[in-house]
Amino acid sequence: MIENVFAGAFFALCIYAALKDVATLTIPNWLNASLALMFVPAAVFIMPGWDIIGWHVLAAAITFAVCVGLFMLGVFGGGDAKLIPAVMLWIGASDLTTFFMWMTMSGAVLAIIVYFSRRVIAAEGAPAFAYETLQKGNGVPYGVAIIIGAIAASPSSPFLANFLS
């Protein structure tokens, strides 16, 4: 039961992150910190084993190092570079392939949709929730792709699997 509370909070924060990213092209630090810090009590209450928790932390740490490098190269925004490791705490190393495959594929589709939307819809005529996204020269709300990857990989996580079944 308690794992469903943590998983529900995880998914709620993820969906909020995606929506916030579409609306403002930012993912707040408090949201990334909440996702990461919420993992600590989840790990204590669910306790799938110290080895499993260790692999989740290691996956997040490695992902953080890679994302910081990609941020410094200008590939990712700061919020995206922090959201991916926060999500990796919950997903763990067991399903990295699914997470990254879905994140990459949905990110490519999202970029194409944003590109063509910017060509068809004038930013002034855009709905309020997508105004920033449809401004020419702005980035793509990649938080959406990150969350799609997280949802796709979540059935493999001992912290999230029960919530979806």
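No experiment lies behind these values; they were computed from the predicted model shown.

The rules behind the values
- Residues numbered from 1 in each chain as written.
- Predicted model: local features only at pLDDT ≥ 70, side-chain atom pairs only at ≥ 80, totals over all residues.
- Heavy atoms only, no water.
- Helix = DSSP H or I, 4+ residues; strand = E, 2+ residues; numbered from the N terminus.
- Expected span 1.5 Å × (residues − 1).
- Buried < 20%, exposed > 50% of the residue type's maximum accessible area, 1.4 Å probe, protein only.
- Contact = heavy atoms within 4.5 Å.
- Patch = residues over 30% accessible without salt bridge, like charges linked within 9 Å, V, L, I, M, F, W, Y side chains within 5 Å.
- Areas by Shrake-Rupley, 256 points an atom, 1.4 Å probe, with all protein chains shown as cover.
- Salt bridge = Lys/Arg side-chain N within 4 Å of Asp/Glu carboxyl O.
- Axes fitted to C-alpha atoms, helices over the stretch in contact; angles between N-to-C directions.
- Parallel < 35°, antiparallel > 145°, perpendicular 65-115°, else oblique.
- Left-handed = near helix turned anticlockwise from the far one by under 90°.
- Nonpolar A, V, L, I, M, F, W, Y, C, P; charged D, E, K, R; others polar.

*Asks:* Any details on helix H4 (residues 78-91)? Residues and values, ideally.
*Replies:* With 14 residues, H4 should cover 20 Å at 1.5 Å per step; its first-to-last C-alpha distance of 20 Å lies within 8% of that length. Along H4, twelve of the 14 residues are buried, which leaves the element largely enclosed by surrounding structure. Here H4 has its buried residues at Gly79, Asp80, Ala81, Leu83, Ile84, Pro85, Ala86, Val87, Met88, Leu89, Trp90 and Ile91. Of the surrounding elements, those touching the buried residues of H4 are helix H1 (2-24), helix H2 (29-46), helix H3 (50-72), helix H5 (96-120) and helix H6 (143-153). Trailing H4 by a residue or two, Gly92 shows a phi angle of about 80 degrees, which is positive.

*Asks:* So, a nonpolar patch on the surface: which residues are in play, and what are the values?
*Replies:* On the surface, Met1, Ile2, Val5, Val40, Val44 and Phe45 cluster together into a nonpolar patch covering about 630 Å² of accessible area. Residue assignment for the nonpolar patch shows that the elements contributing at least two residues are H1 and H2. Considering each element in turn, the nonpolar patch owes the most residues, three residues, to H2. The residue Met1 is located in the segment before H1 in this model.

*Asks:* Let's hear about the packing of H1 against H6: which residues, and what values?
*Replies:* For the pair H1 and H6, the least separation of the axes is 8 Å and the interaxial angle reads 155 degrees. With respect to their mutual orientation, H1 and H6 come out roughly antiparallel. Seen along the crossing, H1 lies across H6 with a hand that is left-handed. Taken together, the residues of H6 that come into contact with H1 (itself represented by Phe10, Phe11, Cys14, Ala18, Asp21 and Val22) are Gly143, Val144, Ile147, Ala150 and Ile151. Taken together, the residues that form the contact of H1 with H6 break down as nine nonpolar, one polar and one charged.

*Asks:* A description of H3 should follow, citing residues and the corresponding values.
*Replies:* Here H3 is 23 residues long and its end C-alpha atoms lie 33 Å apart, about the 33 Å a rise of 1.5 Å per residue gives. If you check which residues of H3 are buried, you get Ile53, His56, Ala59, Ala60, Thr63 and Cys67. Structurally, H3 contributes buried residues whose contacts are with H2, H4 and H5. Just downstream of H3, Gly74 is the residue with a positive phi angle, here 85 degrees.

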